[in-house]
Amino acid sequence: MKHHLQQIHPLAWTIIIGTMFGRLVTSMSIPFLSIYLSRVLGASPTETGLTVAVSSLAGVLISFYGGYISDRIGRQIVMLISVFSWAGVFFIFSSAQHLWVFFIANTLNGLCRAFFEPTSRALLSDITPSQHKLLVYNLRYAAINLGVVFGPIMGLYLGSAESTFPFVISGMVYVVYGLVLSFQFRIRRSDLPKQVQTLAPSLRAALVTTTRDRVFLLVLIGTTFCELGFGHFGSTLAQYLTLNPNIEDGSRMFSYMFSLNAMTVLLVQYPIVRTARNYSPIVSLIIGNVLLAGSLLLFGWADGVVLLFISVILFTIGEVLLFTMMDVFIDRIAKPENKGLFFGTIGFNHLGSVVAPVFGGLLLGHFGAENGVSIFVPLALATGLGLPFLWRARQHQLSRESNKVFQTSA
């Protein structure tokens, strides 16, 4: 293992470590946004849902361009502009006092993420040898969750549910992250592979490239429903726990559940991925969808801490299967010159995260937070709608592999 870790490019380590600190500070602020809006500003569940959802909506609208532009003008420019802009967005959050300002800030938050995330993932793919890519993707995902283990607890004690001060810390960390990236790009420029700077096809041709791949298109649709289920954890569930009169100190409970989610990732990620790598990534996506839908059902039926925590663990296993193997899936089907394009296009599945807070907010407003079953059963059923699309994608993939074997033998 030590030998494999030494083979990872220094710039990849910068992204992995920067991701850890980035998620540490954002997870102590952003997840509490829905609680802050409803508790401090008095926003309704629907208003809160819309404000939280706009970040994902902005990401959906621009994610394709984020990866596409990075293929055209280079990863470095896109990453540096977006990371420093992201820092500025957190400073806007810290000074916001009105709901409309939070709405604008969260829109910009989604835009910055849509440019930075697919570009950084494409760069990791560019600079990592094929035999080490699964390790790097999993290190990045572990870094995300290592930050999220401590972030919510820090946010709880910093008063993120009642104060915007933690956003100042987030902004400062992203400034430092940007400076370190800038330095690394300067000293490692000669190490970057040539394909980072190659030109992508025209936008129209790029759209055709991604949508013509039937397996990719079906996975995109299927994972949109997975994102719908995943999006309720930081929005609908947070409001449900806070507003439910039968749950004491719901914001504290949510922070513990958020940290449990991250700790579970760190514990189960390696054995799950070690097993899942022997199968098609789409199989992992199918199982992940089933687990997300099932855990949402348990959230609605949970009447105590134990069942809530069991639900979080099942939810997390599904999350690991979905998001660790998604990068592997994209890396396997995308050509080197189009990786930014495919990593960007898969971001359209965040449409599910757009719908999730609004859908959940409407159910909360209609049924009330004390009626968990009426809220989470529809959410689970909606998440499960992704299963037939993923299953169909697997069938097309098997057919494609059979044709390749036949042509090779012929």
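Note that the coordinates shown come from a computational prediction; the quantities given were computed from them, not determined experimentally. (Residues numbered from 1 in each chain as written. Predicted model: local features only at pLDDT ≥ 70, side-chain atom pairs only at ≥ 80, totals over all residues. Heavy atoms only, no water.)

Enquirer: Could you clarify how one ought to interpret empty space enclosed by the protein in this entry?
Expert: Unoccupied space between atoms shows up once a probe the size of one water molecule is rolled over them. Taken as a whole, this structure holds 2 cavities of 30 Å³ or more when the rule is applied. The calculated volume of the second largest cavity comes to roughly 70 Å³. In terms of lining residues, the second largest cavity is bounded by Gly18, Thr19, Gly22, Arg23, Trp86, Phe116, Glu117, Ser120, Arg140, Tyr174 and Tyr177. Secondary structure elements with two or more residues in the lining of the second largest cavity: helix H2 (10-26), helix H6 (99-127) and helix H8 (166-187). A total of 4 residues in the lining of the second largest cavity trace back to one element, the largest contributor, which is H2. (1 Å grid on protein atoms, 1.4 Å probe; cavity = no way out; pocket = protein on both sides within 12 Å on 5 of 7 lines; lining within 4 Å. Points joined across faces, edges and corners; volume = space filled by probe spheres on them. Helix = DSSP H or I, 4+ residues; strand = E, 2+ residues; numbered from the N terminus.)

Enquirer: Which parts of the structure should I look at to understand the packing of aromatic side chains?
Expert: In this description, a pair of aromatic rings is defined by centroid distance and the angle of the planes. This model, assessed by the stated rule, comprises 23 aromatic pairs. Taking 5.6 Å as the distance between ring centres and 50 degrees as the angle between the ring planes, the aromatic pair formed by Tyr36 and Phe102 counts as tilted. Taken as a pair, Tyr36 in helix H3 (residues 33-39) and Phe102 in helix H6 lie far apart in primary sequence, 66 residues in all. Ring-pair connections join several aromatic residues into one group, and the members of that group are Phe32, Phe230, Phe233, Tyr240, Phe254, Phe258, Phe299, Phe315, Phe323 and Phe376. (Phe/Tyr/Trp six-rings, centres within 6.5 Å; stacked < 30°, edge-to-face > 60°.)

Enquirer: What should I look at first to understand the nonpolar core in this one?
Expert: Across soluble globular proteins, nonpolar side chains have a tendency to be buried as a group. Judged by nonpolar contacts, the single largest core of 62 residues is most densely connected at Tyr240, Leu241 and Phe299. Here this core takes 11 residues from helix H14 (residues 305-333), the largest share from any one element. Residues within four places of Leu241 in sequence aside, it is in contact with Ile247, Gly250, Met253, Phe254, Met257 and Leu308. Counting 34 residues, the second largest nonpolar core, distinct from the first, contains Val25, Leu33, Ala43 and Phe93. (Core = buried A, V, L, I, M, F, W, Y, C linked by side-chain atoms within 4.5 Å. Buried < 20%, exposed > 50% of the residue type's maximum accessible area, 1.4 Å probe, protein only. Contact = heavy atoms within 4.5 Å.)

Enquirer: Quick question: what am I supposed to make of the environment of Leu362 here?
Expert: Relative to the elements of secondary structure, Leu362 occurs in helix H16 (residues 351-367). By relative accessible area, Leu362 is classed as partly exposed at 47%. Taking C-alpha positions, Leu362 is 9.9 Å from Ser44, a pair spaced 318 residues apart along the chain.

Enquirer: Would you mind showing me how to read the pattern of salt bridges here?
Expert: Counted under the stated rule, the structure contains 4 salt bridges. Among the salt bridges present, the one from Arg39 reaches Glu162, with a minimum N-O distance of 3.5 Å. Of this pair, Arg39 sits in helix H3 while Glu162 sits in the loop between helix H7 (133-158) and H8, placing them 123 residues apart in sequence. A salt bridge links Asp126 to Arg75; its shortest N-O distance comes to 2.8 Å. Of the two residues, Asp126 sits in helix H6 while Arg75 sits in helix H5 (residues 75-95), which places them 51 residues apart along the sequence. A relative accessible area of 0% means that Arg75 is categorised as buried. Connected via shared salt-bridge partners are Arg23, Glu117 and Arg140. (Salt bridge = Lys/Arg side-chain N within 4 Å of Asp/Glu carboxyl O.)

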